Amino acid sequence: MSADDGMCTLREAITAANSDTATGGCTAGAAADMIVFGEGVAGSTITLTAGELPAITDELTIGMDEMSGATVDANLQSRILTNQATLTLNGMTLINGMVEGSGDDGANSRSGGAILNDAGGVLTVNGGAMNNNTSDRAGGAIEEVSGAAAGTTAVTLNGVDFSGNDAGMNPGNGGVLHVTGTGDVVVDGGTFDGNTAVEGGALWNNGGTMSVTGAMFTANTATGGTADAGDDTAQGGGALFGNTAGGTLDVADSTFDGNSAMGDVSSGGAIFVNNGAILLLSNSTLTNNTANRAGGAIELRGGSSATLEQVDAEMNTANTTAGGGGGNGGVVHVTGDATVDVSGGVYARNTAIEGGAFWNNQGTMTLDGVNVVANDATGADASQGGGGIFAETNDAGVDSGTLVVMNSRIVGNTASGAAGSGGGILVSAGATANITDTRISGNTANRAGGGIESASGTVTMTGVTLGGTSSADGNDAGASPGNGGGLHVGGTGSTTITRSTVGYNQAVEGGGLWNNTGSTMTLDTSTVSNNTATRGAGVYLNGDASAITLDFASVTNNNGTGIESGDTTNGNVVALGSNLVANNTTADIGSNVIVDDEEAVLTGEVSVDTYRLFGGPTATQPLPAGSTALDTNADCGTPEDSATDQRGAERPSSAMGETDAGNCDSGAYELTDDPVVTVTSNGPAAVTVSSDDSLTAVLGITLANDSDAAVTVGGFSGYIERDASLPAGFDLRDAELSVYADDNGNGIYEMGEGAVGTATPLDDNGTTFTVALDGGAGVSIPANDSMSYVLVASQSAGDVEMMTGNESTLLTPKALYAGGAALLLLSLVSVGGLRRRTQLLLIVAALALTLTACSDSDSDDDGVNIGGGDNDAGDMMAFGELRVVLQTLNASGDVDTDLVIGDGLPVRGPVVSFAAASDSDGDSDDDSEG
């Protein structure tokens, strides 16, 4: 059409807006203009036949709202537009834009296939899409080169869908968006699907902050890192690439699925964080992402840092290729001295050659409250493995990194290669691992170290459960040769185990622990029990001068010889304090094991109770009244760390008529007069949400005191187990736990029943919790009486319908309901910004408990409940499921007692399911603003 035909074209409208003069059929613009499409144009396609649209030089909005825009098709002939002012696009779809050129052309002329956000430009895009746009250099759809200062937002993308965009190959950065400079970018919602670049298949950030909330990244690809071309390994990032120091990728409530870094030496299937850049990733999921070199989901380079909070990562893969080697870190791989902090979340069913989930190098990697479950390391060499985690050294063996694991669960991982080692964790020579308050159970290796392999590394464990209290919990070292079911130490490493337990592991040699010549191992106030091996069921000492130091340790009830060395070699035991090495089925001390102080080790048949949790967070071998292991050491209390036993109970203790009150008992356990509470569960096997806003299930607690003195319980502690992801955007840290008196003992909250203390949130890691009764003062259960309570967790609004069997009850927010044998935990969370108002309901149904108080003297070997409830800890949970575990009962600070002993713990509640409810206002998840 011509300029004087009375019609207003998009090209003419932009010119009129820029110049504030009438152009063709378009009226003159003003200071800030809006182009509105007529009825016949809105929703249709405008094909550019005269090349790129005029540059935007004055403030302009194109499209009235997200529902009344149009499609602009450049027909692969040009870029669509350049912005040099403040531009807002509403509901626009930009397709088939293309810029190309040679190395002699300027960078801007080869970047931004759909939009170049040029000097001075501020770009906002609301809704719509950008598809199949192509550049030669960077920014397949958008190039940001506005020159915006740090802290200034240059580009905002609200609910925009991007598909099939390509950044080219020269160098080819940012399949959708590339940022040059320090301007900030905000992405709120939207999808990024099937975009391609050499680096950053979807987004490539530079020196500013790129904030991404509620977005979905699927099937994006980074192609960089071709070995034949001599490329280095600093390329990849199937979805996101953070380039430089000062730049931050801040991502929340987002999904990364099926993205890939496909070059021979390409890393970071979903995200690549380059030297000095920062990644903040929260409440997001990483699934089915792949890298050919390392970091199936995330790669971090030296000097960078990453914080991962409540991230769930499943089925990611780090492959190995002939050209690139590697294949390390199924989820996260660190090259150099990057710092990684991981809090909460599940990392499950990921695969790599080394480090099925995590692979650390020279920096510090910290895991707090993390579930590392069912990952696999397939490396065939003896130096490969680490089914869950691999802690590497650098090539020189110096300046190696530190792995810190706390409050976590490392379960069911495998080192499946022919000589794979370290089913749960592998610590290489020179690397350090500090592990506290963590459960390492049910892991398997083919060669050695079912739970942990330390290949001349430094390992410190405090409050760790290595194995568990049943055969299902044990780690397995395999059979080729099968050394160290719980822990294998090769080379010249150093291991210190304090206030920990090693139980029910199995191997050919060293069912619990295997230590090599030249390595130091100290077992301090810890228990090794019920492990199985042909040689050295509890501990195996390999070679002349191999040794273990025992300091108030218990090595008991193992299936074979307690401590053993080879037939022609001598192992050594350095005995400090008073140790218990007894009741092992073949022998307590092997014939070639030399004990430096035999009086410091009690052997033979000694009366003990069943190995189990009996106060404190780790299992012990309790001693009954009358045991010959009582009051054996007059030097009790020196050194300082022997002043308490493994559980934290003060020693020495005069209990149950002991005669030598100033002496310690042998081993890690001290008999005390602390009250004992027997814990049993009677809750449902599963709790399921049957429909939107329909909830099932709850928790009742009964404390029955059968002793002749009142018992005060200050509260209890536990953790949440998960094996798979929760619904997108859900944050466990938002849940709060409260306890209410259950006056009639029916396990149901009824109006008028009072709270016992205030609401308590989960810990910051969203995994562990401690609930105080009456502010920590505790509740007193009268002698020969019982009291009942209900535990509820809430963050709800509006009426909620709860289904129990075939009955339906309408509840108000204040009527926190606990009914039948179940606990209702309501948590409604708003996710994903203004256009994502889905509310998620969290139902945490835990356990119904029967607690019976007694004293140590009532304990015996008959009918002891060693915990676990009706739910096998080995059962894998599916998507949207969790289980609450009660681990310890806590004493009150107002009562002169070290412990309230919970016998029968841990108790696992029913499997609890999550579901997304319909929006209460009737809006859909894809609601958008005009």
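In this convention, every chain numbers its residues from 1, walking through the sequence in written order. This being a predicted model, a pLDDT of at least 70 is required before a residue's local features are given, and a value of 80 or more before pairs of side-chain atoms are given or counted; all residues contribute to the totals for chains, interfaces and linings. Values reported for side chains reflect all heavy atoms of the structure, with hydrogen atoms and water molecules removed beforehand.

Looking at an unreviewed UniProt entry, one finds the protein chain named Extracellular nuclease and attributed to Salinisphaera dokdonensis CL-ES53.

**Q** Explain the overall build of the protein chain here, please?
**A** Where helices and strands are cited, they refer to DSSP runs of H or I of at least four residues and of E of at least two residues respectively, numbered from the N terminus. Along its length, the protein chain carries 1 helix and 90 strands. Each residue's exposure class comes from its accessible area (1.4 Å probe, protein chains only) as a fraction of the maximum for that residue type: buried when under 20%, exposed when over 50%, partly exposed otherwise. In the protein chain, buried positions account for 61% of the 930 residues. Contacts are assigned to residue pairs that have any heavy atoms within 4.5 Å of one another. A sequence separation of at least 24 residues applies to 79% of the contacts in the protein chain between residues at least 6 apart. Approximately 29,600 Å² of the protein chain is accessible, and the part contributed by carbon and sulfur atoms is 47%. Only the protein chains shown count as cover for residues, and all accessible areas are computed by the Shrake-Rupley method using a 1.4 Å probe.

**Q** Looking at this structure, how should I read the pairing of strand β62 (residues 546-551)?
**A** Two faces belong to every sheet, and in a regular strand the side chains alternate between them. With 5 of 6 residues buried, β62 is to be regarded as a mostly interior element. Here the rule is simple: two strands pair whenever DSSP picks up at least two bridges between them. Inspection of the sheet shows strand β58 (residues 520-524) paired to β62 by 3 bridges, in the parallel sense. Across the sheet, T522 pairs through a bridge with T549, a residue of β62.

**Q** When you look at unusual backbone geometry in this model, what are you seeing that I'm missing?
**A** Backbone phi values are negative for most residues with the exception of glycine, while trans is the configuration of most peptide bonds. In the segment running from N170 into P171, the intervening peptide bond is cis, with an omega of 5°. Relative to the elements of secondary structure, P171 occurs in the loop between β13 (161-163) and β14 (177-179). Omega for the peptide link from S480 to P481 comes to 0°, which places this bond in the cis form. Here P481 lies in the loop between β52 (465-467) and β53 (487-490). Its identity as a non-glycine residue notwithstanding, N530 has a phi of 60°, on the positive side. Secondary-structure assignment places N530 in the loop between β59 (527-529) and β60 (532-535).

**Q** Just to check I follow, could you spell out the packing of aromatic side chains for this structure?
**A** Aromatic ring pairs are described here by two measures, namely the spacing of the ring centres and the angle between the planes. Under the pairing criterion, centres of Phe, Tyr and Trp rings, with the six-membered ring standing for Trp, must be within 6.5 Å; the plane angle then separates stacked pairs below 30 degrees from edge-to-face pairs above 60, leaving the rest tilted. Applying the stated rule across the entire model yields 11 aromatic pairs. Consider the rings of F241 and F272, whose centres lie 4.8 Å apart with planes at 10°: the pair is stacked. Here the residue F241 occupies a position in strand β22 (residues 240-242), and F272 occupies one in strand β26 (residues 271-273), the gap between them amounting to 31 residues. According to the relative accessible area criterion, F241 is buried, its value standing at 0%. Within the aromatic cluster, the residues linked to one another by ring pairs are F162, F192, F217 and F256. Criterion for a charge above a ring: Arg CZ or Lys NZ at most 6 Å from the ring centre, at most 35 degrees from the ring normal. The residue whose ring lies beneath R439 is Y719, and the NZ or CZ to ring-centre distance is 3.5 Å.

**Q** What am I meant to see in helix α1 (residues 10-19) here?
**A** An α-helical turn contains 3.6 residues, so a residue and the one three or four places further along point in the same direction. The buried count for α1 comes to 7 of 10 residues, which makes it a mostly enclosed element. Trailing α1 by a residue or two, D20 shows a phi angle of about 55°, which is positive.

**Q** What's the story with the pattern of salt bridges in this structure? I'm lost.
**A** Think of it this way: side chains of opposite charge can pair up when their charged atoms draw near. Any carboxyl oxygen of Asp or Glu that lies within 4 Å of a side-chain nitrogen of Lys or Arg is treated as forming a salt bridge with it. What the rule picks out here adds up to 18 salt bridges. One salt bridge connects R79 with E52, and the closest N-O pair in it is separated by 3.6 Å. In this pair, R79 sits in the loop between β4 (71-73) and β5 (81-83) while E52 sits in the loop between β2 (45-47) and β3 (60-62), placing the two residues 27 residues apart along the sequence. On the basis of relative accessible area, R79 is assigned to the buried category, the value being 8%. Its relative accessible area of 27% is what places E52 among the partly exposed residues. The network of salt bridges with common partners includes R409, E721, D723, R883 and R908.

**Q** Is there a simple way to explain the side chain of N274 in this structure?
**A** Relative to the helices and strands, N274 is located in the loop between β26 and β27 (278-282). The class for N274 is buried, based on a relative accessible area of 12%. In this structure N274 touches A234, F241, G242, N243, R301 and S304, once residues within four positions along its chain are discounted.

**Q** What is the right way to read a nonpolar patch on the surface from this model?
**A** A grouping of M34, V36 and M64 is seen on the molecular surface, where their side chains present a nonpolar patch of about 280 Å² in accessible area. Mapped onto the elements of the fold, M34 is located in strand β1 (residues 33-35). On the basis of relative accessibility, which here comes to 44%, the residue M34 falls in the partly exposed class. The patches reported here contain residues having more than 30% relative accessible area and no salt bridge. Joining distances are 9 Å for like charges and 5 Å for nonpolar side chains (Val, Leu, Ile, Met, Phe, Trp, Tyr).

**Q** I tried to follow the confidence of the model for the protein chain on my own but got confused; where do I start?
**A** As a note on interpretation, predicted positions should not be read in detail where pLDDT is low. Per residue, pLDDT measures the predictor's confidence, with a range of 0 to 100. Taken residue by residue, the protein chain gives an average pLDDT of 83. The fraction at 70 or more is 81%. Ignoring residues within four places in sequence, the model shows residues 795-873, a span with pLDDT below 50, making 294 contacts including any to other chains. Every residue in residues 916-930 scores below 50 in pLDDT, and together they form 31 contacts with partners more than four places removed in sequence or on other chains.

**Q** Mind showing me how you'd approach the pairing of strand β50 (residues 452-455) here?
**A** Bridging between strand β46 (residues 425-427) and β50 involves 3 bridges; their strand directions are parallel. The residue bridging I425 from the neighbouring strand is I452, located in β50. Where β50 meets β53, 4 bridges bridge the pair, whose relative direction is parallel. Each residue of the ladder has a partner; that of S454, found in β53, is V489.

**Q** What should I look at first to understand a negative patch on the surface in this one?
**A** Residues D596, D597, E598 and E599 make up a contiguous surface patch of negative charge. Secondary-structure assignment places D596 in the loop between β68 (593-595) and β69 (601-602). Residues counted as positive are Lys and Arg, residues counted as negative are Asp and Glu, and His and the chain ends are not counted. Note that the charge is assigned to NZ on lysines, CZ on arginines, CG on aspartates and CD on glutamates.

**Q** Any chance you could explain the environment of A479 here in plain terms?
**A** With respect to the secondary-structure elements, A479 resides in the loop between β52 and β53. Residues A479 and R447, 32 residues apart in the sequence, show an inter-C-alpha distance of 6.5 Å. In this structure A479 touches N446 and V508, once residues within four positions along its chain are discounted.

**Q** How should the side chain of D33 be read in this particular structure?
**A** Here D33 is to be found in strand β1. Look at D33: it is buried, it has no salt bridge, and the nearest opposite charge is R11 at 17 Å. Leave out the neighbours within four places in its chain, and D33 touches A17, D20, E59, L60 and T61.

**Q** Explain the environment of N705 to me, please; I cannot follow it from the model alone.
**A** Looking at where N705 falls in the secondary structure, it is placed in strand β73 (residues 700-705). For N705 and N784, which are 79 residues apart along the polypeptide, the C-alpha to C-alpha distance reads 5.1 Å.

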